[in-house]
Amino acid sequence: MKNTFIFILFLAIGKLYSQDYYAFVTLADGSESNAYLNHKGKITYREQKGEKIQALSEGLGVIKKDGNYGFIDPFGKVVIPAQYDDAESFSDGLAAVKVKGKWGYINKKNEMVIQPTLISNKPFINKVAYYIDESMMKNNLYKFIDTTGHFINDEYYLFANKFSDNCAWVKSKKAKEWGCINTKGEYIITPKYDRVTYFRNGRCWVEINKKWGYINKKGEYLAEPVYDDTNNELDGYTWVQKNGSWGLLDSTGKIVIPVNYKNAIAYGLKGSFGYVKFATPSNGLLAFYSGTKGGYCDLKLNTVIAPVYDEVTNFTEGVAAVKQKDKWGLIDLRGKLTCDIKYKEMKYLGNGLFYSEETNNNITVFDRTGKPITEQTFFKIKKFEKN
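Because the structure is a prediction, the values reported are computed rather than measured. (Residues numbered from 1 in each chain as written. Predicted model: local features only at pLDDT ≥ 70, side-chain atom pairs only at ≥ 80, totals over all residues. Heavy atoms only, no water.)

## Details of the nonpolar core
What tends to happen in soluble globular proteins is that the nonpolar side chains get buried as a cluster. Filter applied, for reference: Residue types Ala, Val, Leu, Ile, Met, Phe, Trp, Tyr and Cys, when buried and joined through side-chain atoms within 4.5 Å, form a set referred to as a nonpolar core. Accessible area is worked out with a 1.4 Å probe on protein chains only. A residue is then buried under 20% of its type maximum, exposed over 50%, and partly exposed in between. Helix and strand definitions here come from DSSP, where helices need a minimum of 4 consecutive H or I residues and strands a minimum of 2 consecutive E residues; each element is numbered from the N-terminal end. Note on contacts: a residue pair qualifies if any of its non-hydrogen atoms lie within 4.5 Å across the two residues.
Among the nonpolar cores identified, the biggest contains 14 residues, and Val-25, Leu-349, Val-365, Phe-378, Ile-381 and Phe-384 are the most heavily contacted of them. Sorting the residues of this core by element identifies strand 1 (21-27), strand 2 (34-38), strand 37 (353-359), strand 38 (362-367) and strand 39 (378-381) as the ones contributing at least two each. It is strand 1 that contributes the most residues to this core, 3 residues altogether. Dropping the residues within four chain positions of it, Phe-384 is found in contact with Tyr-21, Tyr-22, Ala-23, Leu-37, Asn-38, His-39, Leu-349, Gly-350, Leu-353, Val-365 and Ile-373. Counting residues in each nonpolar core, the second largest holds 13 residues, with Tyr-105, Ala-129, Tyr-131 and Ile-132 among its members.

## Examining the side chain of Ser-120
With respect to the helices and strands, the residue Ser-120 is situated in the loop between strand 11 (112-118) and strand 12 (128-131). If sequence neighbours within four positions are ignored, Ser-120 has contacts with Trp-103, Tyr-105, Tyr-130, Tyr-131 and Ile-132.

## Quick notes on the environment of Phe-71
Along the chain, the position of Phe-71 falls in strand 6 (residues 68-72). The class of Phe-71 is buried, set by a relative accessible area of 1%. For the pair Phe-71 and Asn-110, spaced 39 residues apart in the sequence, the C-alpha separation amounts to 9.6 Å.

## Let's talk about the sheet that holds strand 34 (residues 327-332)
Here is the rule we go by: Pairing between two strands is assigned when DSSP locates at least 2 bridges connecting them.
Pairing within the open sheet is antiparallel, and its 4 strands lie in the order 32-33-34-35. The strands lining the two open edges of the sheet, one partner per strand, are strand 32 (311-312) and strand 35 (337-343).

## Observations concerning the sheet that holds strand 8 (residues 86-87)
Taken in spatial order, the 4 strands make up an open sheet running 8-9-10-11, and their pairing is antiparallel. Either end of the sheet is taken by a strand with one partner, and the two such strands are strand 8 and strand 11. Here strand 10 (residues 102-106) pairs with strand 11 via 3 bridges, running antiparallel. If you follow Ile-106 over to strand 11, its bridge partner there is Met-112.

## What about unusual backbone geometry?
For residues that are not glycine, phi is negative in most cases, and the peptide bond is trans in most cases. For Asn-110, which is not glycine, the phi torsion reads 65° and is therefore positive. Within the secondary structure layout, Asn-110 lies in the loop between strand 10 and strand 11. With a relative accessible area of 22%, Asn-110 lands in the partly exposed category. One non-glycine residue, Asn-351, adopts positive backbone phi at about 55°. The residue Asn-351 is located in the loop between strand 36 (347-350) and strand 37 in this model. When its relative accessible area of 30% is taken as the criterion, Asn-351 is described as partly exposed.

This is the structure:
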């Protein structure tokens, strides 16, 4: 029994680490052909003459061939033949396809799950999608359908945000304020708010009576509605303003940096330490500037990495892009260079990879040490996504 468990665990770990990440690229070899690039630097498929491929989503990419649309895998193997008038990417296991001027939805077995009777082709998010027909479009109304094509309720909405965290903010014909529904179309928070943001990890900022507060999905306040403004809520941290002063709150609504810094500028707040950027803390560090030089401080605004750089960015996966004398490199959480300052720019691609357009229309992809993963250069590139 013990050996069986270890073997199953070994297989699970092996599968986890064998998964590839893919970027959608346009080759800079004069052909401007689109292709799929894995995180190891290998081109797994390059579109052929008469083909047009799109970025992968949930392991499949749209392909247009001979005027029709189908789907291929990262290696160019045809999974769903090019038989549709148009097609959108897969989301929540379904893809919108067009047949004789109407949209329906297929699964990855090419089974028509929702018949082609719709004029809308919105992606499914949290197993729910927008629905619009001709009469609704004329009156600017919205409804939602589930993955069987049925309405989730009988309500018509004047405004409806997309689903996020298994819920969506809506304004119905009956209410002037925003309320929140779940994927069954049931109100989990009754309409009462003037403005709202998306739920993330069960939390959301809302405005009522011109003041912002922080709530959970039960509508309970984690931070009372006493703030005049918020900025850059991400990963549970939010910059907030009250009576002209700024500070930082965490995901529980607790004040991390006191709301007593009066001087705010376009990209951050000012104090005796210099300027702190309105950016999310990463690994407990914030980018800040002292004079014209940037470095990193902790949440008590004590310097951790000295301000010696011309420009600094937020940490991602334990490294941050920094600039000196018009060149970029990468540093770790101790301030040690992992990639020498030598690149023209530094853009994050995902899965520990970055890119720089070193010469016009020639993009180089490299790892956190600055080593290129391939000699191939690219005209365009999209972020790496897990297959």
